[in-house]
Amino acid sequence: MSNSTMEKAQAVNDYVLGLRHDFHANPEVSMEEVRTSGIVVKELEKMGIEVKRIGKTGVLGTLRGAAPGKVVALRADMDALSVTEQTGLPYSSTKPGVMHACGHDVHTSMLLGAAKILSGMKDQLKGTVKFVFQPAEEIAAGAKSMVSGGVLENPKVDLIFGEHVISDVEVGKVVVQGGFFMASGDTWKLTIKGVTSHGSTPWQGVDAITCAAAVIQGLQTIVSRVNDAREAIVINVGTIHGGDRFNITPGKVEMMGMNRAFSAKSRTSMPVWMEDMIKNICAAYRCEYEFKYDFICAPLTNDPWAAETVHKSIAKIVPEADIIKVPQAMGSEDFSEYTAVVPGMMMFVGDRNEAKDCKYSQHSEHYQVDEDCIPIGVASYVQVAADFLS
Ligand SMILES: [Zn+2]
Ligand SMILES: [Zn+2]
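Quick caveat, the model's predicted, so the values are computed rather than measured.

## Structural notes on the packing of helix H2 (residues 13-25) against helix H4 (residues 104-119)
Line of reasoning, step 1. Two numbers describe how H2 lies on H4: the axes approach to 8 Å, and their chain directions differ by 150°. By the angle between their axes, H2 is roughly antiparallel relative to H4. The element H2 and its partner H4 pack so that their crossing is right-handed. Residue-level inspection shows Tyr 15, Val 16, Leu 19, Arg 20, Phe 23 and His 24 of H2 in contact with H4, the latter providing Asp 105, Val 106, Thr 108, Ser 109, Met 110, Leu 112, Gly 113 and Lys 116.

Written out as structure tokens, the structure reads:
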């Protein structure tokens with residue numbers, strides 16, 4: 001079975017690479033994956049897979065095996081980022097300012113490759129494979145829309161398996177592990193309001209920039225002095241805008257940021273801790289404030305049973321020594337929306353190869369994937385589904 005799955009993945013590799021280069025050259029940002037999802041629908045229909053559109057750009061493919069049985073879902077995301085590509089690849093983005101800089105083009109094409117193989121194995125499958133092509137992972141809205149669109153129900157999914165290529169891990173290796181895997185990602189916006197005055201007479205106004213400087217310093221002491229050091233968090237002040245002219249005492253500063261956490265306690269405490277700090281510093285500096293906090297993306301925990309189940313299948317594709325574990329990532333993944341409902345496991349697929357210049361991090365304008373990882377990713381989707389339904 002093992003070798004045959006890898007052989008099948010090699011046999012569809014030209015098909016997968018063709019799709020990947022086309023998606024890469026034609027990237028679409030979150031919730032605008034119209035062309036991409038159109039191709040996904042067309043390809044799934046060619047394979048004889050039942051297709052349902054979810055929202056504007058989500059796609060669910062359903063493949064029913066010869067006999068009834070369990071239900072496995074395989075997930076890929078389709079959206080690109082607002083980045084201007086600088087790789088110089090022959091299939092570089094043709095759209096200025098938009099790039100597949102996270103590798104979602106790889107995921108979409110790998111899952112189509114797996115669908116092609118699995119549709120040919122229909123007679124051997126006991127149960128159902130659901131192919132979940134979601135939009136908008138980068139804004140953590142896509143998985144929510146797929147779950148509310150019912151992709152995990154009718155029939156109910158017993159296991160969901162997702163893959164993400166990753167620039168930190170060498171090509172040939174994959175990451176399979178249970179437990180906390182990726183952090184939450186929650187956004188906030190703070191407006192500090194003072195009183196504008198002539199820059200020569202700050203005492204006639206209330207300086208919002210000096211207050212903002214104190215707030216920024218204060219926020220970082222939450223990480224080091226307030227939070228339990230055993231439960232990692234990040235508070236990131238990502239933008240700060242204030243002031244209009246060099247000779248005006250500024251009356252307003254706006255900041256935005258994104259926070260990360262694993263534990264529910266730290267995650268839900270952060271807005272409370274932040275507001276406490278902001279309120280008291282603003283009072284000391286005679287400023288007023290508005291603070292808005294949005295819980296966007298929950299931490300991703302790989303179900304231990306799912307991780308074990310997936311590991312057994314992946315061991316048929318990749319040598320044990322190349323199935324590795326990594327420190328939990330502070331980045332976020334909206335795959336957590338699925339694992340909040342059904343047992344699931346997200347695998348990282350190494351795509352790093354410095355010799356081929358595939359050494360830049362995800363979201364970089366230079367980000368490149370060593371495409372030797374693609375047959376591994378395709379075979380992994382297939383093996384996990386085939387084993388689960390055998
Ligand atoms: Zn990303
Ligand atoms: Zn991504």
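## Brief notes about the coordination of the zinc ion (ligand 2)
Line of reasoning, step 1. On the protein side, the zinc ion (ligand 2) has Cys 102 (SG), His 104 (NE2) and His 164 (NE2) as donor atoms, found 2.1 to 2.4 Å from it.
Line of reasoning, step 2. Mapping the donors of the zinc ion (ligand 2) onto the primary sequence gives the spacing C-x1-H-x59-H.
Line of reasoning, step 3. Between the zinc ion (ligand 2) and the zinc ion (ligand 1) the interatomic distance amounts to 3.2 Å, and Cys 102 serves as a bridging ligand to the pair.
Line of reasoning, step 4. For Cys 102, a relative accessible area of 9% gives the class buried.

## Concerning the nonpolar core
Line of reasoning, step 1. Of all hydrophobic cores here, the largest spans 65 residues; its most connected members are Leu 74, Leu 118, Val 129, Phe 131, Phe 133 and Ile 314.
Line of reasoning, step 2. If we ignore the near neighbours within four places in the chain, the residues touching Phe 131 are Ile 49, Val 59, Leu 60, Gly 61, Leu 63, Leu 74, Leu 111, Ala 115 and Leu 118.
Line of reasoning, step 3. Of all hydrophobic cores here, the second largest spans 24 residues; its members include Val 215, Ile 235, Val 253 and Ile 278.

## Here we look at the pattern of salt bridges
Line of reasoning, step 1. Summed over the entire model, instances satisfying the criterion amount to 21 salt bridges.
Line of reasoning, step 2. The salt bridge involving Glu 153 is made with Lys 156; its shortest N-O contact spans 3.9 Å.
Line of reasoning, step 3. Residue Glu 153 is classed as partly exposed on the basis of its relative accessible area of 36%.
Line of reasoning, step 4. Lys 156 sits in the partly exposed class, given a relative accessible area of 44%.
Line of reasoning, step 5. Across the pair Lys 359 and Asp 357 runs a salt bridge whose closest N-O atoms are separated by 3.6 Å.
Line of reasoning, step 6. Here the salt bridges share partners, and the residues they tie into one network are Arg 75, Asp 77, Glu 333 and Asp 334.

## Observations concerning the packing of helix H8 (residues 304-314) against helix H10 (residues 374-388)
Line of reasoning, step 1. Contact geometry of H8 with H10 gives a least axis separation of 9 Å together with a crossing angle of 110°. If you check the angle between H8 and H10, you find them roughly perpendicular. Of the two possible hands of crossing, H8 and H10 adopt the one that is right-handed. Contacts between H8 and H10 pair Trp 305, Thr 309, Val 310, Ser 313 and Ile 314 from the former with Ser 380, Gln 383, Val 384, Asp 387 and Phe 388 from the latter.

## Quick look at the coordination of the zinc ion (ligand 1)
Each pair of donors in an ideal octahedron of six around a metal sits at 90 or 180 degrees, and each pair in an ideal tetrahedron of four sits at 109.5 degrees.
Line of reasoning, step 1. Looking at the zinc ion (ligand 1), the protein donor atoms are Cys 102 (SG), Glu 138 (OE), Glu 138 (OE) and His 363 (NE2), and they sit 2.0 to 2.7 Å from it.
Line of reasoning, step 2. Of note is the zinc ion (ligand 1), whose four donor atoms meet at the metal with angles of 53 to 149° in an arrangement that counts as irregular.

## Some thoughts on unusual backbone geometry
Line of reasoning, step 1. Cis rather than trans, the peptide bond between Asn 154 and Pro 155 has omega equal to -5°.
Line of reasoning, step 2. At Ala 140, a residue that is not glycine, the phi angle is positive and equals roughly 50°.
Line of reasoning, step 3. Residue position: Ala 140 is located in the loop between strand E4 (126-134) and helix H5 (142-148).
Line of reasoning, step 4. A positive phi angle, near 70°, is found at Asp 357, a position not held by glycine.
Line of reasoning, step 5. Among the secondary structure elements, Asp 357 is positioned in the loop between strand E16 (344-352) and H10.

## What about the sheet that holds strand E10 (residues 233-242)?
Line of reasoning, step 1. Taken in spatial order, the four strands line up as E10-E12-E8-E13 in an open sheet, and their pairing is antiparallel. Bordering the open sheet on either side are E10 and strand E13 (288-297), each of which pairs with just one other strand. Each strand axis lies, on average, 15° off the axis of its neighbour in the sheet, ignoring direction.
Line of reasoning, step 2. The pairing of E10 with strand E12 (residues 252-261) spans nine bridges and is antiparallel. When the sheet's bridge partners are listed, Asn 236 is paired in E12 with Met 258.
Line of reasoning, step 3. Docked against the sheet, helix H6 (residues 208-226) engages strand E8 (185-193), E10 and E12, running at close to 170° with respect to E10.
Line of reasoning, step 4. Sitting on the sheet, helix H7 (residues 264-284) is in contact with E8, E10, E12 and E13, with an inclination near 170° to E13.

## Section: the domain arrangement of the protein
By a widely used convention, the size of an interface equals the accessible area lost when the partners come together.
Line of reasoning, step 1. What the domain assignment lists for the protein is domain 1 (2-182 + 299-388) and domain 2 (185-297).
Line of reasoning, step 2. Listed per partner, the contact involves 16 residues of domain 1 and 10 residues of domain 2.
Line of reasoning, step 3. When domain 1 packs against domain 2, the two sides together hide about 950 Å² of surface, and 67% of this comes from carbon and sulfur.
Line of reasoning, step 4. Taken together, the links from domain 1 to domain 2 amount to three residue pairs in polar contact (both at pLDDT 80 or more).

## Looking at the state of the cysteines
Line of reasoning, step 1. Counting across every chain of the model gives zero disulfides.
Line of reasoning, step 2. No disulfide involves Cys 211; its sulfur sits 3.9 Å from the nearest other cysteine sulfur, which is in Cys 282.
Line of reasoning, step 3. Just so you know, Cys 373 is unpaired, no disulfide at all, and the nearest cysteine sulfur is the one on Cys 358, 8.8 Å from it.
Line of reasoning, step 4. Given the relative accessible area of 0%, Cys 373 is considered buried.

Here is what the cut-offs are and how they apply
- Residues numbered from 1 in each chain as written.
- Chains lettered and ligands numbered in written order.
- Predicted model: local features only at pLDDT ≥ 70, side-chain atom pairs only at ≥ 80, totals over all residues.
- Heavy atoms only, no water.
- Axes fitted to C-alpha atoms, helices over the stretch in contact; angles between N-to-C directions.
- Helix = DSSP H or I, 4+ residues; strand = E, 2+ residues; numbered from the N terminus.
- Parallel < 35°, antiparallel > 145°, perpendicular 65-115°, else oblique.
- Left-handed = near helix turned anticlockwise from the far one by under 90°.
- Contact = heavy atoms within 4.5 Å.
- Donors = N, O, S within 2.8 Å, 3.2 Å for Na, K, Ca; no water.
- Buried < 20%, exposed > 50% of the residue type's maximum accessible area, 1.4 Å probe, protein only.
- Core = buried A, V, L, I, M, F, W, Y, C linked by side-chain atoms within 4.5 Å.
- Salt bridge = Lys/Arg side-chain N within 4 Å of Asp/Glu carboxyl O.
- Tetrahedral: all angles 85-135°; square planar, octahedral: opposite > 155°, others 65-115°.
- Pairing = 2+ DSSP bridges.
- Domains from an automatic or database assignment.
- Buried area = accessible area lost by both parts, 1.4 Å probe.
- Polar contact = N/O pair within 3.5 Å; in protein donor to acceptor, adjacent residues only side chain to side chain.
- Disulfide = S-S within 2.5 Å.

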